[in-house]
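The primary structure of each chain is shown beneath.
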Amino acid sequence: MSQAPNIDGVLVQWGDRLFYPGNRVVKVRPQPKLGDGSMHQRADAIRKRIESTVVKRAPQVMVKVTGGGRGMLAIAAHFRYISKNGRLGMENEQGEVLQGRSAVYELSDEWRCGGSLIGDEGHRREAFNIMLSMPRGTDPRIVQRAASEFAKTELANHKYVMVLHDHQANPHVHLSVRAESIYGKRLNPRKADLQRWRETFAEKLRGYGLEAEATRQATRFQTRNSEHLWRLKAREDGRLRKARPEDKSSPKSRTTRTEALRAWLHIGQTLAKSPDARDVKLAGSIALFLQGSSLPVGLSRIPPDRTQPTRTGAVVDHEVRR
């Protein structure tokens, strides 16, 4: 008789690898990740993430660094752009709303001298421009509130201002943050930090009852290369010299998608053996999700996972039948 799988244990083991990959942490503040509660609580959190991704197909949040000023002239220009020359209110790190052209000039002077002096022009980035966005139809007020909570969590000890833009198709918040913190430490976001920021923003949105997800493209078997804002503007102006491939096809991205497929298969097969009918139903949803996904050629059969020891009854070689 085959041994019954430890449903919750498998969910936590493979769900962590699927939804919560190891992120580089630049602050002591903990990243949004499964807590230290009971195994069952952690497994239920994974179940909710799976349902949100493969059943509800919750909207994916977007957090993107769109640029940043290397001097006060560029930073002040961005203040004028996001505030429409002071017509839109800018919320700062203290929760104050700054509005009017004079407020924009005063803010520029405050940033120039609020720490290490920022000259008109420089060689290093003194501010980062971040955009937080949700799809069309999302309540802009919730996006603004969630963005404010996001900034307080992830950008603590930094000067920042944020402005809601709701006049376009998708509501989004422009956030400008001073690179140097009040303690002299500099912000230096990397890819893993951006993923953590997405997780935080989605978590804040869910706190307002809004369906939002921050699953990685690899988890959803998406391969689209996102366009940087400077590339979009350069293309509009006819200054773009080299086109970027629309899809990710590097060996690293391929390996990441293979790992995601392995995790989905482990989770799906385990849920299918569960005595709980809800788990079995969720396993069926995972199978439909995989069948409807654009799995790259060569991922229909994946190699065994060599990073984990083989356990009795564990399946390490799977095949997706489509």
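This is a predicted model, so every value here is computed, not measured.

Our next topic: the nonpolar core. Membership of the largest hydrophobic core comes to 27 residues, with the highest contact counts inside it found for Val61, Leu155, Leu175, Val177, Phe201 and Leu205. Mapped by element, the contributors of at least two residues to this core are strand 4 (127-133), helix 5 (140-154), strand 5 (160-165), strand 6 (172-178) and helix 6 (191-206). Per-element accounting of this core gives the leading share, six residues, to helix 5.

Here the distance between the centres and the angle between the planes together describe a pair of aromatic rings. The tally for this structure, following the rule as stated, stands at six aromatic pairs. Centre to centre, the rings of Phe19 and Trp264 are 6.0 Å apart; their planes meet at 85°, and the pair counts as edge-to-face. With Phe19 in helix 1 (residues 7-19) and Trp264 in helix 8 (residues 251-272), this pair connects stretches of sequence that are 245 residues apart. Comparing Phe19 with Trp264, the two get one shared label, buried. The interplanar angle of 70° and the centroid separation of 6.4 Å between the aromatic rings of Phe150 and Phe201 together place this pair among those described as edge-to-face. Of the two residues, Phe150 sits in helix 5 while Phe201 sits in helix 6, which places them 51 residues apart along the sequence. The exposure classification of Phe150 matches that of Phe201, with both residues buried. The structure contains a cluster of three or more aromatic residues connected by ring pairs, namely Phe19, Phe221, Trp264 and Phe289.

One rule of thumb: low pLDDT means the predicted coordinates there are not for detailed reading. The pLDDT averaged across the chain works out to 81; a share of 76% of its residues lies at or above 70. Considering only residues more than four positions removed or in separate chains, one finds that residues 297-322, a stretch of pLDDT under 50, has 46 contacts.

Here we take up unusual backbone geometry. Positive phi, close to 60°, is recorded for Asn85, a residue that is not glycine. Within the secondary structure layout, Asn85 lies in the loop between helix 3 (72-82) and strand 2 (90-92). The exposure class of Asn85 is partly exposed, given its relative accessible area of 40%. You will see that Asn157, though not glycine, has its phi angle at about 75°, which is positive. Mapping Asn157 onto the fold places it in the loop between helix 5 and strand 5.

Okay, the packing of helix 3 against helix 4 (residues 101-113) next. In the contact formed by helix 3 and helix 4, the axes pass within 10 Å of each other and the chain directions differ by 145°. Helix 4 is crossed by helix 3, and the crossing has right-handed handedness. Taken together, the residues of helix 4 that come into contact with helix 3 (itself represented by Met72, Ile75, Ala76, Phe79 and Arg80) are Val104, Leu107, Ser108, Trp111 and Arg112. Among the residues forming the contact of helix 3 with helix 4, the class breakdown is seven nonpolar, one polar and two charged.

A separate point is the environment of Lys159. In this structure, Lys159 sits in the loop between helix 5 and strand 5. For Lys159, a relative accessible area of 17% translates into the label buried. Taking C-alpha positions, Lys159 is 8.3 Å from Ala179, a pair spaced 20 residues apart along the chain. Setting aside residues up to four positions removed in sequence, Lys159 forms contacts with Glu93, Glu110, Trp111, Gly114, Ser176, Val177 and Arg178.

Conventions adopted
The numbers attached to residues start from 1 for each chain and follow its sequence in the written order. Note on the predicted model: pLDDT of at least 70 is required for a residue's local features to be given, and 80 or more for side-chain atom pairs to be given and counted; whole-chain, interface and lining totals, by contrast, use all residues. Hydrogens and water are ignored here; the side-chain numbers use all heavy atoms of the structure. Residues belong to a common nonpolar core when they are buried Ala, Val, Leu, Ile, Met, Phe, Trp, Tyr or Cys residues joined through side-chain atoms within 4.5 Å. Remark: exposure states derive from per-residue accessible area (1.4 Å probe, protein chains only) relative to the maximum for the residue type, with buried under 20%, exposed over 50%, and partly exposed in between. Secondary structure follows DSSP: runs of H or I at least 4 residues long count as helices, runs of E at least 2 residues long count as strands, and numbering of each begins at the N terminus. Classification of ring pairs rests on two measures: the distance between centres of Phe, Tyr or Trp rings, Trp counted by its six-membered ring, which must be within 6.5 Å, and the angle between planes, read as stacked under 30 degrees, edge-to-face over 60 and tilted in between. For every residue, the predictor states its confidence as a pLDDT score lying anywhere from 0 to 100. We call two residues contacting when some pair of their heavy atoms lies within 4.5 Å. Convention adopted: a line fitted to C-alpha atoms gives each axis, helices being fitted over their contacting stretch, and angles between N-to-C directions are expressed from 0 to 180 degrees. Working rule for handedness: look at the near helix, and if it is turned counterclockwise from the far one by less than a right angle, call the crossing left-handed; if clockwise, right-handed. Asp, Glu, Lys and Arg are counted as charged, while Ala, Val, Leu, Ile, Met, Phe, Trp, Tyr, Cys and Pro are counted as nonpolar; the rest, among them Gly, fall into the polar class.

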